[in-house]
Amino acid sequence: MKSTKIRLYDLAAAEDDRRFSPNCWRVRLALLHKGLPFETVPWRFTEKETIAFSGQDRVPVIVDHERVVYDSWAIAQYLEENYPKYPSLFGGEIGKSLSRFTTDWVEAVLNPEIVRLIITDIYSHLHEKDKDYFRQTREKAFGATLEVISADREQRVITFRNSLTPLRRTLQHQTFLAGQTPAWADYVAFSSFQWARSVSPFPLLVADDPIFSWRDRILDSFDGEARKLLAYE
């Protein structure tokens, strides 16, 4: 067993204890799943120089002794390959391939819809030094102001909830996406809802939704670690 803690550079809001990156949450949960000791370093959008050693400018980044790994999927594969005696994130090659599909679905379908619902809430929680950067980059990407992007969210959230039917139907048949216990596929999808929960009081889910109950089960996992940081309920 390696005794030195893995270091995770993790996106933070104005408060160090409000961590809101879905990609970083995936990695945090993967480390907890593996039972590996780790520490986190709060990082902001404009602190590019802090992670310049990784050769790029986005988190998550982990440092494991001399090894530097970035990108959540690459980190998950690294942890699986380098810590094979610890609980598996994928459950074999077939599970790994299905986990890749879940990751791509979350990034291509789920996250683009969630960001439109919470983007002004993200902005309101940012550290002051990040606000101009966030507004400029996101408004350029969307071709609209933050306020316009989320202006119709009361109507859009209904369509969003309906789009979750495949996820909802799966969770009507099994406790987690991975079966009886959670794994990478659960952490990827959960982290998108945790992203919203960390910064936004706007309800993406309703209490009688099986997805809401699944989210709560993961919040309670690992002695409730995901509940210990600043967030809304």
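Criteria and thresholds
- Residues numbered from 1 in each chain as written.
- Predicted model: local features only at pLDDT ≥ 70, side-chain atom pairs only at ≥ 80, totals over all residues.
- Heavy atoms only, no water.
- Helix = DSSP H or I, 4+ residues; strand = E, 2+ residues; numbered from the N terminus.
- Rg over C-alpha atoms; globule rule 2.2 N^0.38 Å.
- Buried < 20%, exposed > 50% of the residue type's maximum accessible area, 1.4 Å probe, protein only.
- Contact = heavy atoms within 4.5 Å.
- Pairing = 2+ DSSP bridges.
- Axes fitted to C-alpha atoms, helices over the stretch in contact; angles between N-to-C directions.
- 1 Å grid on protein atoms, 1.4 Å probe; cavity = no way out; pocket = protein on both sides within 12 Å on 5 of 7 lines; lining within 4 Å.
- Points joined across faces, edges and corners; volume = space filled by probe spheres on them.
- Nonpolar A, V, L, I, M, F, W, Y, C, P; charged D, E, K, R; others polar.
- Phe/Tyr/Trp six-rings, centres within 6.5 Å; stacked < 30°, edge-to-face > 60°.

A. Examining the overall build of the chain more closely. The helix and strand tally for the chain stands at nine helices and four strands. Relative to the 2.2 N^0.38 estimate, which gives 17 Å for 233 residues, the radius of gyration of the chain is 17 Å and therefore close to what a compact globule would have. With the C-alpha coordinates aligned to their principal axes, the bounding extent of the chain is approximately 50 × 45 × 30 Å. Taking all 233 residues of the chain together, 48% fall into the buried category. Of all intrachain contacts in the chain linking residues separated by at least 6 positions in sequence, the fraction that spans at least 24 positions is 68%.

B. How the structure looks around the sheet that holds strand β4 (residues 67-70). Strand order in this open sheet of four strands is β2-β1-β3-β4, and the pairing throughout is mixed. With one partner strand each, in any of the chains shown, β2 (38-43) and β4 form the two edges of the open sheet. Going from strand to strand, the sheet's axes swing by 20 degrees on average, the running direction of each strand aside. Bridge analysis of strand β3 (residues 61-64) against β4 gives four bridges, and the strand direction is antiparallel. In the sheet register, Asp64 faces β4, and the bridge partner there is Arg67. Packed on one face of the sheet, helix α1 (residues 22-34) meets β1 (6-11), β2 and β3 and runs near 150 degrees to β1. The sheet contacts of helix α2 (residues 72-82) involve β1, β3 and β4, and relative to β4 the element is tilted by about 135 degrees.

C. Inspection of the layout of surface pockets at higher detail. Each pocket or cavity is described by its volume, and for the largest pocket that value is around 880 Å³. Together, 29 residues line the largest pocket, and Asn23, Phe45, Arg58, Val59 and Arg138 are the ones closest to its centre. Looking at the lining of the largest pocket, the elements with two or more residues in it are α1, α3 (93-125) and α4 (128-142). The element that contributes the greatest number of residues to the lining of the largest pocket is α4, accounting for six residues. Taken together, the residues that form the lining of the largest pocket break down as 16 nonpolar, six polar and seven charged. By volume, the second largest pocket amounts to about 370 Å³. Only α3, α7 (165-173) and α8 (184-199) provide two or more residues apiece to the lining of the second largest pocket.

D. Focus on the packing of aromatic side chains. Taken as a whole and assessed by the stated rule, the structure comprises ten aromatic pairs. Ring centres of Tyr187 and Phe222 lie 6.2 Å apart, and the angle between their planes is 55 degrees; on these two criteria the pair is classed as tilted. Taken together, the residues span a long stretch of sequence, with Tyr187 in helix α8 and Phe222 in helix α9 (residues 210-224) at a distance of 35 residues. Measuring from ring centre to ring centre gives 6.2 Å for Phe193 and Trp214, while their planes differ by 85 degrees; the resulting arrangement is edge-to-face. Within this pair, whereas Phe193 is found in helix α8, its partner Trp214 is found in helix α9, the two being separated by 21 residues in sequence. Residues Phe193 and Trp214 agree in their burial class; the two are buried. Pairwise contacts between aromatic rings join Phe20, Trp43, Phe45, Tyr133 and Phe134 into one cluster.

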